[in-house]
Amino acid sequence: MSGSFLRNAFIFIIVIAAVIGGVRWWQARNNGEFSDFAMGNGRIEADQVDVATKYGGRIIAIYANEGDLVKPGQVLAVMDTAEEEALLEEARASIAQAEQSVREVEATIVQRESELKFADQELERTRALVAKGHVSQQQADQKISTRDIAAAALEAAKARLKTTEQAVASAQAEVKRIKIQIDEATLKAPVTGRVLYRLAENGEVLGAGGKVLTLVDLSDIYMTIFLPSAEAARVRFGAEARIKVDAAPGRVVPAVVTFVSPEAQFTPKQVETRDEREKLMFRVKVTIPSELVMKNIDRVKTGVRGLAYVRLNRDVAWPEELEVNLSQPEG
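Just so we're clear, the structure is a prediction, and the values are computed from it rather than from any experiment. (Residues numbered from 1 in each chain as written. Predicted model: local features only at pLDDT ≥ 70, side-chain atom pairs only at ≥ 80, totals over all residues. Heavy atoms only, no water.)

### Some details on the environment of Glu201
Thought 1: Structurally, Glu201 is set in the loop between strand S6 (193-198) and strand S7 (205-206).
Thought 2: We classify Glu201 as partly exposed; its relative accessible area is 39%.
Thought 3: For the pair Glu201 and Leu213, spaced 12 residues apart in sequence, the C-alpha to C-alpha distance is 10.0 Å. (Helix = DSSP H or I, 4+ residues; strand = E, 2+ residues; numbered from the N terminus. Buried < 20%, exposed > 50% of the residue type's maximum accessible area, 1.4 Å probe, protein only.)

Written out as structure tokens, the structure is:
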């Protein structure tokens, strides 16, 4: 009992110290002592990413559960592809058949070229004989007709070759399409994240776009705060910031301003006086560097509430209580 009492008393003292520190901060801020800094309340946030099916089908297996940490490219679920595999074999057979047709037409073209060459030679010989009076013009006309028929047959064979080559290309495209569909049946993690929800189970049949898992994207961890217009106007993109969470009041995490809303989030019905303009609040996004998040990935939790501090004047040093400190364990 004495150990538990001392631990609880220690935590109570830390919380009281944090509250007192916050009160002193606000007092100093209101007195103009910390006019080069701004502060706002918020919570640790991250975007959610849905892992969903591109094509409808039955789920064979899901390899992730709620709370699991996953990395980009990690296989999370697999869909049944038996039907697609059968279609793939059929498409490959169509390629083989079309390629065989191409070879047959190419052989026909060689034959037609030989026939046309022979017909040209026969025509030339007949014309020579006509000139000497040894054969009639009617025989020459017959040779001309034979030559024209051979030329037409060659052109038809060449046209048929283009058609069969297009059939090969079409079958190859179908194979490629089915392979892509099969590949899409393996659902992989798009980001480094933690599984927030498992929305389906093995054996379920989902339509296209059916959600299987929802991930919290841990590659982009941030806190959203709201600052009055006077302070928001002084915030610059890339400004240094600090984050302190309620669960670990002694820990100070470095951050960077990555977004400042161009529009006020809370606007009075009428803005006519200076006091009313000061009531305007602007959304500011303070992001923790991704390399720091990755180093402490097992300790990152979204939803934790705390405070974010933004330095408005880069030439002013941070107060001692806001110097970066990552060593304190969570309370």
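Picking up after the structure, the text goes on.
### Considering helix H3 (residues 137-184)
Count 3.6 residues to each turn of an α-helix, and residues three or four apart come out pointing the same way.
Thought 1: A rise of 1.5 Å per residue sets the reference length of H3, with its 48 residues, at 70 Å; its end C-alpha atoms lie 71 Å apart and thus fit the reference within 8%.
Thought 2: Residues of H3 that are buried: Ala140, Ala150, Leu154, Ala157, Leu161, Thr164, Val168, Ala171, Val175, Ile178, Gln181 and Ile182.
Thought 3: The secondary structure elements touched by the buried residues of H3 are helix H2 (82-132) and strand S5 (186-188). (Expected span 1.5 Å × (residues − 1). Contact = heavy atoms within 4.5 Å.)

### Quick notes on the nonpolar core
Thought 1: Residues Ile221, Ile225, Ile243, Val257, Val286 and Val310 are the most contacted members of the largest nonpolar core, which totals 32 residues.
Thought 2: When residues of this core are traced back to their parent elements, those giving at least two are strand S1 (37-52), strand S8 (211-228), strand S9 (240-245), strand S10 (248-266), strand S11 (281-287), helix H6 (290-295) and strand S12 (305-311).
Thought 3: Of the residues forming this core, the biggest block, 6 residues, is contributed by S8.
Thought 4: Setting aside anything within four residues of it in sequence, one finds Val257 in contact with Val235, Arg236, Phe237, Gly238, Ala239, Val284, Lys285, Val286 and Val310.
Thought 5: Listed in part, the 18 residues of the second largest apolar core include Val195, Val212, Leu213 and Leu215. (Core = buried A, V, L, I, M, F, W, Y, C linked by side-chain atoms within 4.5 Å.)

### Observations regarding the confidence of the model for the protein chain
Thought 1: Of all residues in the protein chain, 85% attain a pLDDT of 70 or more, and the chain-wide mean is 85.
Thought 2: At the level of individual helices and strands, the protein chain shows its lowest average pLDDT in helix H1 (residues 2-30), which scores 47, and its highest in strand S4 (residues 75-79), which scores 97.
Thought 3: Segment residues 9-33 is flagged for pLDDT under 50; beyond a separation of four residues in sequence, or across chains, it makes 16 contacts in the model.
Thought 4: Predicted confidence is poor over residues 268-273, with pLDDT under 50, and the contacts of this stretch with residues over four places away or in other chains come to 8 contacts. (pLDDT = per-residue confidence, 0-100.)

### Regarding the packing of aromatic side chains
Thought 1: For the coordinates displayed, the defined rule picks out 1 aromatic pair.
Thought 2: Plain terms: the ring middles of Phe37 and Trp318 are 5.1 Å apart, the flat faces sit at 45° to each other, and that makes the pair tilted. You can see Phe37 sitting in strand S1 and its partner Trp318 sitting in the segment after S12, a full 281 residues away along the chain. Pair check on accessibility: Phe37 and Trp318 agree, each one buried.
Thought 3: Stacked on the ring of Tyr222, the Lys or Arg Lys285 has its end atom at 4.2 Å from the ring centre. (Phe/Tyr/Trp six-rings, centres within 6.5 Å; stacked < 30°, edge-to-face > 60°. Lys NZ or Arg CZ within 6 Å of the ring centre and 35° of its normal.)

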